[in-house]
Amino acid sequence: MKTTTETRRRFLFQATSSVGLMLTAPMIASIVSGCETDETAAPDLSGLTVVVADYPELSVVGGITTVILEGLNNSDPVFISRIDVNTYAVFSAICTHQGCQVFDIDQQADSVECPCHNARYAKSDGSVVQQPDSGEATDLPRFPSTFNSSTGILTINP
Ligand code: FES
């Protein structure tokens, strides 16, 4: 079985021969390598990354922000909350009561509030601290994350 590289090389050879072009071996190698991608490599699902410095709200412990990351939380918003110098919590920003987005962020408060029926969730971990006006909410789903203090990159696992 021929590899993709061999197939490309043969194609380039035949294509250049048929039109009478003269390419040197290094030129052909350059063209082939420029076309090469590792089509058999599995996508990197080891985590999504966030550069924390891109979010000024996270510059202080207790800060919180919302982000949308493709492939995380069905691409719905998530909270990133700085709970210690080098520790962050990541949890869904979709209310577990009836699905409204929780976006009422008071940086000074210890919790965030859903605007629909006033459920409140702890900024530190997304746990329910106040049930909605009627019905019941459960804790916001969390996503494991690790922070590299050397690079300032937070890696989140879907
Ligand atoms: S949808 Fe959030 S409290 Fe009802």
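Our subject is the structure listed above.
Below is a summary of the structure that appears in this document. Everything numeric here is computed off the predicted structure, so don't read it as measured data.

Reading guide: rules and limits
Along each chain, residue indices are assigned from 1 in the same order as the chain's sequence is written. Local features are withheld for residues below a pLDDT of 70 in this predicted model, meaning they are given only at 70 or higher, and side-chain atom pairs are given and counted only at 80 or more; totals for whole chains, interfaces and linings count all residues. Only buried residues count toward a nonpolar core: Ala, Val, Leu, Ile, Met, Phe, Trp, Tyr and Cys, linked into one set through C-beta atoms within 7 Å. Buried, partly exposed and exposed are defined by the number of other C-beta atoms within 10 Å of a residue's own C-beta, namely 20 or more, between the two limits, and 12 or fewer respectively, with C-beta atoms placed from the backbone. Put simply, DSSP marks the helices as runs of H or I at least four residues long and the strands as runs of E at least two long, and each gets a number from the N terminus on. By definition, two strands form a pair when at least two bridges between them are found by DSSP. Two residues form a contact once the distance between their C-beta atoms, set from the backbone, is within 7 Å.

1. Some words on the nonpolar core
Val78, Phe79, Ile80, Val90 and Phe91 are the most contacted members of the largest nonpolar core, which has 22 residues in total. The set of elements that each furnish at least two residues to this core consists of strand E1 (48-51), strand E3 (78-84), strand E4 (87-92) and strand E10 (153-156). Among the elements that make up this core, the one with the highest residue count is E4 (4 residues).

2. Quick notes on the pairing of E10
Side chains Leu154 and Ile156 of E10 all project onto a buried face; the interleaved residues Ile153 and Thr155 project onto a face where none is buried. In the sheet, E1 pairs with E10 via 4 bridges, with the strands oriented antiparallel. Note that in E10 the partner of threonine 49 across the bridge is threonine 155. Across 4 bridges, strand E9 (residues 145-148) lies against E10 in antiparallel orientation. Within the sheet, the bridge partner assigned to threonine 146 lies in E10 and is threonine 155. Between E9 and the antiparallel strand that follows it, E10, lie 4 residues; glycine 152 among them carries a positive phi value of about 75 degrees.

3. A word on the environment of alanine 93
Inspection of the secondary structure assignment puts alanine 93 in the loop between E4 and strand E5 (111-113). Considering only alpha carbons, one finds alanine 93 and aspartate 76, 17 residues apart in sequence, at a separation of 7.6 Å. Here alanine 93 is in contact with Thr66, Pro77, Val78, Phe79, Gln101, Val102 and Phe103, once residues within four sequence places are set aside.

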